[in-house]
Amino acid sequence: FAHNVRELDVYKLSFSIQQQIFHISKAFPKEEKFSLTDQIRRSSRSVGANLSESWGKRRYPASFISKLADAIGETEETIHWIDTAVACEYIPQDTSLLLKTQCGHVLSMLNKMIAKQTPGQTMHRQARPPHKTTDNNLKHADYRTPNDLPFTTYDLPLTITKTNLCPENVLL
């Protein structure tokens, strides 16, 4: 048993993702400081914060599950902002895949925590077991097909480009 929230694997992984995003987002353009940079940092930090809050409420199942559900929502939001950063060409696809794979593992662990509190029910999709590999000294899941990903991916139509997709180019 863990003695505090910081001993949980899900917390350790969510904290690692938060720190990776912080360092990656330092390279985002200055005009994104109060939009994409702020949003992706806030949502990634909120996962660990909600886990910490759920830990404090673990004696009260409804509150515990509610905070875990909030952590799931923040993880999904983080995935959205990662996709946005890729679409705006701020981060490369391989970095995106690594981050989203890690987020998929967080979602799976959160889902299992909720399932233990509510037998037979899950609040979110579960990740499939990854095939382990090493690439550029980074351990991450090597998925054979998009169907093996622990989350749904949606490819943007080829006609959408940085010019007509990124917020700074939207005409009011």
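## Points about the layout of surface pockets
- Size it by volume and the second largest pocket reaches roughly 230 Å³.
- Around the second largest pocket, the lining residues are L8, D9, V10, R58, F64, M109, K112, M113, K116 and Q117.
- Elements with a minimum of two residues in the lining of the second largest pocket: α1 (9-25) and α4 (93-117).
- With five residues, α4 is the single largest residue contributor to the lining of the second largest pocket.
- The class makeup of the residues in the lining of the second largest pocket is five nonpolar, one polar and four charged.

## Some words on α1
- The terminal C-alpha atoms of α1, which comprises 17 residues, lie 24 Å apart, in line with the 24 Å expected from a rise of 1.5 Å per residue.
- Where α1 is concerned, the buried positions are V10, Y11, L13, S14, I17, Q18, I21 and S25. For α1, the angular spread of buried residues about the axis comes to 165 degrees, placing them on one side.

## Focus: the pattern of salt bridges
- Following the criterion strictly, the structure yields six salt bridges and no others.
- As a salt-bridge pair, D83 and K100 come within 2.7 Å of each other at their nearest N and O atoms. Taken together, the residues span a long stretch of sequence, with D83 in helix α3 (residues 61-87) and K100 in helix α4 at a distance of 17 residues.
- In this structure K100 comes out as buried when scored by relative accessible area, which is 11%.
- Among the ionic contacts, a cluster of salt bridges with common partners joins E53, K57, K67 and D70.

What counts, and at which threshold
- Along each chain, residue indices are assigned from 1 in the same order as the chain's sequence is written.
- It should be noted that, the model being predicted, local features are given only for residues of pLDDT at least 70 and side-chain atom pairs only at 80 or more, the latter also being counted only at that level, while totals for whole chains, interfaces and linings use all residues.
- Computation of side-chain values covers all heavy atoms of the structure but excludes hydrogens and water.
- A pocket, in this scheme, is an open set of points on a 1 Å grid over the protein atoms alone with protein on both sides within 12 Å along at least 5 of 7 lines, while a cavity is a set where a 1.4 Å probe fits but cannot get out; residues line either one if an atom lies within 4 Å of a point.
- Grid points are joined across faces, edges and corners, and a volume is the space filled by probe spheres set on the points.
- Only DSSP runs of H or I with at least four residues qualify as helices, and only runs of E with at least two residues qualify as strands; both kinds are numbered from the N terminus onward.
- Each residue gets one label: Ala, Val, Leu, Ile, Met, Phe, Trp, Tyr, Cys and Pro are nonpolar, Asp, Glu, Lys and Arg are charged, and the others, such as Gly, are polar.
- Under the convention used throughout, the expected extent of a helix is 1.5 Å for every residue step, that is, one less than its residue count.
- Only protein chains enter the accessibility calculation, which uses a 1.4 Å probe; a residue whose area is less than 20% of its type maximum is buried, one above 50% is exposed, and one in between is partly exposed.
- The arc in question is traced by the directions running from the helix axis to the C-beta atoms.
- Salt bridges are defined as contacts in which a side-chain nitrogen from Lys or Arg sits within 4 Å of a carboxyl oxygen from Asp or Glu.

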